[in-house]
Amino acid sequence: MSETILPALGGLIVYKERPNSSDQGSVVPLFHIDNPRNIKTLVPIDTRQYPNNIDITKGYSQVESTYSAHDLFVLAEHRPKSPDNERLEYFSLGTHAQPLPVNTLLPVIQCALPPKETGQMPAHITPPKGTFFIQDGEAVYGPFTAMRRDDDGFVIESKVTTIIPFAKDTVARFHVKEVEQYVHEVNIDGTYHRLISSLHDLKALRHAVEDYTSDDKLIKQYSSMRFGFNDKLSKRDAERLAAAIQEAEKRQTALASDENLHRFKTILQRYLNETNIGSDMVRHYLGTSAGRTFLKEYVERHKATLLSSHIDEIEREGKRARARAEAEIEKLNREAAALKTEVEQARKQADAEIQAIIQSKNADIQNRMRETEEELSLKITQKEEQLAKVERELAEVLDDLKLARDVEILRREYQQLDATKTVLERSVEAFQEQLQNPNKLAASLGQMEAVSRAMRGGSALVREERQRVPVVISKTAPNHGKEIINHIRDYLDDSAGRTFTHNDMTNLVVCMMQSFLTVLAGDPGVGKTSTVIRLAEALHLGSTDGNSNFLYVPVSRGWVSGRDILGSYNSLNGMYQRARTGLYDFLSVPEAGDQEALRLILLDEANLSPLEHYWSDFIGMCDPEGRHRPIDTGHAEASKRLLSVPESTRFVATINKDSTTERLSPRLIDRAPVITLMHDAEDSDSPEVNVSFDGAIPFALCKQYFENHNNDEMPETLKEMYRTIHEILTVRNAEHGMPVSISHRKERAINDYCVVAGQLMDDHEVAFDYAVSQHILPHISGHGPQFRARLERLHDMLKDSKLHHSQTLLARVLENGNDFAGTYSYL
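Note that this is a predicted model, so its numbers are computed, not measured.

This part takes up the overall build of the protein. On a plain count of helices and strands, the protein comes out with 24 helices and 27 strands. Among the 827 residues that make up the protein, the fraction classed as buried is 38%. Here the contacts in the protein between residues at least 6 apart in sequence split such that 70% fall between residues at least 24 apart. With the model as given, the accessible surface of the protein reaches about 49,100 Å², and the carbon-plus-sulfur share is 52%.

Let us now look at helix α21 (residues 744-761). Taking 1.5 Å per residue, 18 residues should reach 26 Å; α21 reaches 25 Å between its end C-alpha atoms and fits that length. A bend of about 25° at Cys754 is the largest found in α21. In this fold, the buried residues of α21 make contact with α10 (481-494), α11 (502-514), α18 (666-669), α19 (699-706), α20 (716-730) and α22 (764-775).

Let's shift gears to the pairing of strand β17 (residues 517-521). With five of its five residues buried, β17 lies for the most part within the structure. In β17, alternate side chains face the same way, and those of Leu517, Val519 and Ala521 on one face and Thr518 and Leu520 on the other are all buried. Pairing geometry for β17 and strand β24 (residues 649-655), over five bridges, is parallel. If you follow Val519 over to β24, its bridge partner there is Ala653. Bridge analysis of β17 against strand β25 (residues 674-676) gives three bridges, and the strand direction is parallel. Within β25, the position partnered with Leu520 by the bridge is Ile675.

Attention shifts here to helix α12 (residues 528-538). α12 sits mainly inside the fold: eight of its eleven residues count as buried. Those residues of α12 not exposed but buried are Lys528, Thr531, Val532, Ile533, Arg534, Leu535, Ala536 and Ala538. Once α12 ends, the next one or two residues include His540, with phi positive near 60°.

A separate point is the sheet that holds strand β18 (residues 550-554). On the basis of which strands lie adjacent, the open sheet formed by five strands has the order β18-β21-β24-β17-β25 and parallel pairing. Edge positions in the sheet fall to β18 and β25, since each has one partner strand and no second. Put simply, the sheet's adjacent strands are angled 20° from each other on average, direction ignored. Sheet contacts for α12: β17, β18, β21 (599-604) and β24; angle to β21, the most-contacted strand, approximately 165°.

This part takes up the packing of α20 against helix α23 (residues 785-800). Running from N to C, α20 and α23 point in directions that differ by 165°, and their axes come no closer than 9 Å. Here α20 lies roughly antiparallel to α23, going by the angle between them. Crossing of α20 against α23: the hand is right-handed. Facing α20, whose interface residues are Met721, Thr724, Ile725, Glu727, Ile728, Leu729 and Thr730, α23 presents Arg790, Arg793, Leu794, Met797 and Leu798. Counted by class, the contact of α20 with α23 contains seven nonpolar, two polar and three charged residues.

Rules used throughout
All chains use their own residue numbering, which begins from 1 and follows the written sequence. pLDDT decides what is reported in this predicted model: residues at 70 or higher carry local features, side-chain atom pairs at 80 or more are listed and counted, and totals for whole chains, interfaces and linings draw on all residues regardless. Only hydrogens and water are removed before side-chain values are computed, so all heavy atoms of the structure are retained for them. A run of H or I in DSSP counts as a helix once it spans at least four residues, and a run of E counts as a strand once it spans at least two, with each numbered from the N terminus. Burial status follows relative accessibility: with a 1.4 Å probe on protein chains alone, a residue under 20% of its type maximum counts as buried, one over 50% as exposed, and anything between as partly exposed. Any pair of residues with heavy atoms lying within 4.5 Å of one another is described as a contacting pair. In short, Shrake-Rupley with a 1.4 Å probe defines the accessible areas, and a residue's cover is counted only from the protein chains shown. A helix is expected to span 1.5 Å multiplied by its residue count minus one. Values of bend correspond, residue by residue, to the angle between axes fitted over the seven residues ending at that residue and the seven starting there. Two strands qualify as a pair provided that DSSP identifies no fewer than 2 bridges between them. Structural elements are reduced to axes, namely lines fitted to C-alpha atoms, with helices fitted over the stretch in contact, and the angle between N-to-C directions of any two is expressed from 0 to 180 degrees. Orientation is classified from the angle alone, with under 35 degrees giving roughly parallel, over 145 giving roughly antiparallel, 65 to 115 giving roughly perpendicular, and any other angle giving oblique. By convention the crossing between two helices is left-handed if the near helix lies anticlockwise of the far one by an angle smaller than a right angle, and right-handed if it lies clockwise. We call Asp, Glu, Lys and Arg charged. Ala, Val, Leu, Ile, Met, Phe, Trp, Tyr, Cys and Pro are nonpolar, and the rest, Gly among them, are polar.

Here it is as C-alpha cells:
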C-alpha cells in the first residue's frame, strides 16, 4: 500500500533553530506569506499552531551553510506529519528554503542618529547587514547601509533606491506614527527586533528629505569642482581658496545659504587655524583608496630620485658584507679539513685498540669458561648424590604416612556411621510420636506445604482472600448535582476533620468526576488524605480495607514500575503474582451494570516515587481516546492477558513538596488537575438543603450531573480571559524569559470544567478562577528576573480580573522564588 502524500501548506518566513544531525534540524516560523517570490501579505504566526516549530527532515546542511544564526529566509512550503495532525507537528525540506525578496523585512534599530559629518555609529551597536532604518525618538530615518572602517567601528551612509526616489547623499525622515502600521515586532532566538514589512509600503507615506553628506564626500565634491587640491594643499593655497569662495559669494548671493558650502568653509577654516589639521587630513586622505593610488603612482614616478642614493649605499654595504662572509667561509673550510683529518686518524687508532682488546678478551673468556664448566660438573655430581639420598628417605616416610592416613579415614567413617545411626534413631522416635499424635502430624504437613509454595515462587504464608462486600445503592436518587455536593458537605461537617465551602467541594467533586486522575497538593497536616477517606465514607464506597468500592494504597519509596502497584506475571511458575496493594483484585471485579457505583482509589504520598513510572500503565487512560484501553498483564493465557479498567474507576493522588519527594513531570501535569489545599481555608458555609442518601449513588447519575455531555462552550468573557492568560504565558519574548507551554488538552479541560462547575457554583467567573489555579498555574516553572517579569504581568492581570484564588496562589510562587535564588515553580 503506497504512503499517502499530505497536501503542502503555504509559505512561511522562518529562521533556523538548531541542527539535530548532519542533515536534519528545525526552523522557527514567524510569518505566513502569500507568495514566496513576491510577498505582499505578512501574517504573524500564532505560536499555538506551531508548538514544536518545523522539522527539516532532509537538506538542513544547505540551510546551515547558506544562512547565519539570525537570518530570516523563506520556506516555500511545509506539510503536516500526520493526516489528523493532532499533535500539530510539521516538516519540510532544505530545498524549499529561499532568500528573502529584496527590500523586504528591513530592520529598524533604535539609537541616536549619527552625525552626518562622520556617519560614525556608537561603539556598542553593530548595524545589520543590508538596508536598514534608524529610529531616533519620534523620527525614523533611512534607508542606510553600513560598512566597517578598520578599527574605528562602523560608519553609515544613505542608500540610493529607485523605490523612494530622492537625491544622492540624502535620506527620508518619517514620523514614527506613520511607519508604525508597517512595523512588525518579533522575537528571534531571544532577541527583540523591529522590522518594516517592505520598502514599497513606505513609498506613499509623507516624509521629509534631509541631506546626509559626510565631510569626506563634501571634500571630494568640491575637489571635483576645482575648489580643492590635486596633490597637496599648502596654507597659502588654502588662504587663496578661502578668498576665492568669499568673492564667489559676493557675486552669487544664493551661495550664502548653501549649507554644504558653509560646512566646507568651516573645514577650510579649521585647517588654517590648527597646526596639525593638515597632517591629519593628509593621513586620512592617504588611508583612502584614492590616496593609496596617488602614493603608489608618486613613488613610481620619483623612485629614481628617492631611492638612488639609498640603493648605492645598500650596494656598497652588500659588497663589504659579502667579502666578510667569503673570508669567514674560507676560514671555516680550513678548520673543517683539519678536523676531518684528526677524526680519521683517531678512528684508525681506535679500531686497532679494539681488535687487540677483543683478542685478549677471547682468550681470557675461554679459560674462564673451562674453569666454570669443571666447577659446575662437580657440583652437579654432588647434588645428584644428595637427591638420591633424599628420595630414599622420602619413600620410607611416605610408607609410614600412608598407613596413618588409612587409619584416619577408617576412624572418620566410623564416626559418620555412628552419627547417622543416632539421627535415624531420633527420626524413628519422632515419626512414631507423630503417628500417635494427629495434631503434630498436621503441623508437619503444613510446614512441608509452605516450603513447597516458596520453592514454586509463591509466598510461604497463606493469605486470606479479601471477601468483597458489594455496595448498596441508595434508595433515594438525587435530582441534581447540588444535592450530592450538599450531602457530602453535611457528612464532612458532622465528622472530625477539614470542612469545605460549597465552591471548594463542588471543585473537588467535578474534578474527580471529569478527570481519571486528580492530584491533591498541600503542606503536611492540611487534611489531604483524611478528606479523601471521609469523602469515600460519605458516598458509602467502603472503608480503607479495600473490600468494597474504595481502595487505600500507601505508596512506598523505590517503586519503579507497574509490578509495584499492580503485579507481574511469573513465567517460571505460570502464575500472576499480585502486588500487595490489592489493586489487581480491586480492578478485576466485574462491573455491576445499573448498580455500578464510583470506584475510588487513593494513592497516598504518591510522589514518594516517580508517579509517571509506577503508574505508567494508567497514564494513557487520562485521555478520552485511551480511557478504555486494557492493560497487558503479560499472562500466557489469552483469557487472562488483558485487564480492563472499569469506566467508574477514579484515582486521587496526594502529594507533598519537600526534599524526600519526586517532582511531577510536565506530561502528568498536562493530564490531571492539581488542587492545592491550604491551611488558611475559608470558613465553611451551611448547605442550602440538608439532603441525605442511605447508600451509594449510581455512577451513571454522577456522569449525568458532573460531565459536559453536550460539549457546550463556556461564555465568551471567559474565553477572552483565557486568551489573555495564554498570550502572557506562551508568547516568546526576551524581556519575559522562557515561555510556559499550555496544550489544547488543557484548554478543553478548562472549558468542560467551567460549563459544569459554573452552573453548580452559580458563578462562571468563580469557576474559571478555580480552573486557572489547578490547570494552568501548576505548569509554572522557570528562573531569572525576566521570567519573574512574566509572572508579575500575569499576577496584575489576575488581580484586575478579580480572580482572587489564582492571584493568591501565584503571589506565593513569587514570594517563594525570592527565597530560592530567583527560581519560580508552582510544585
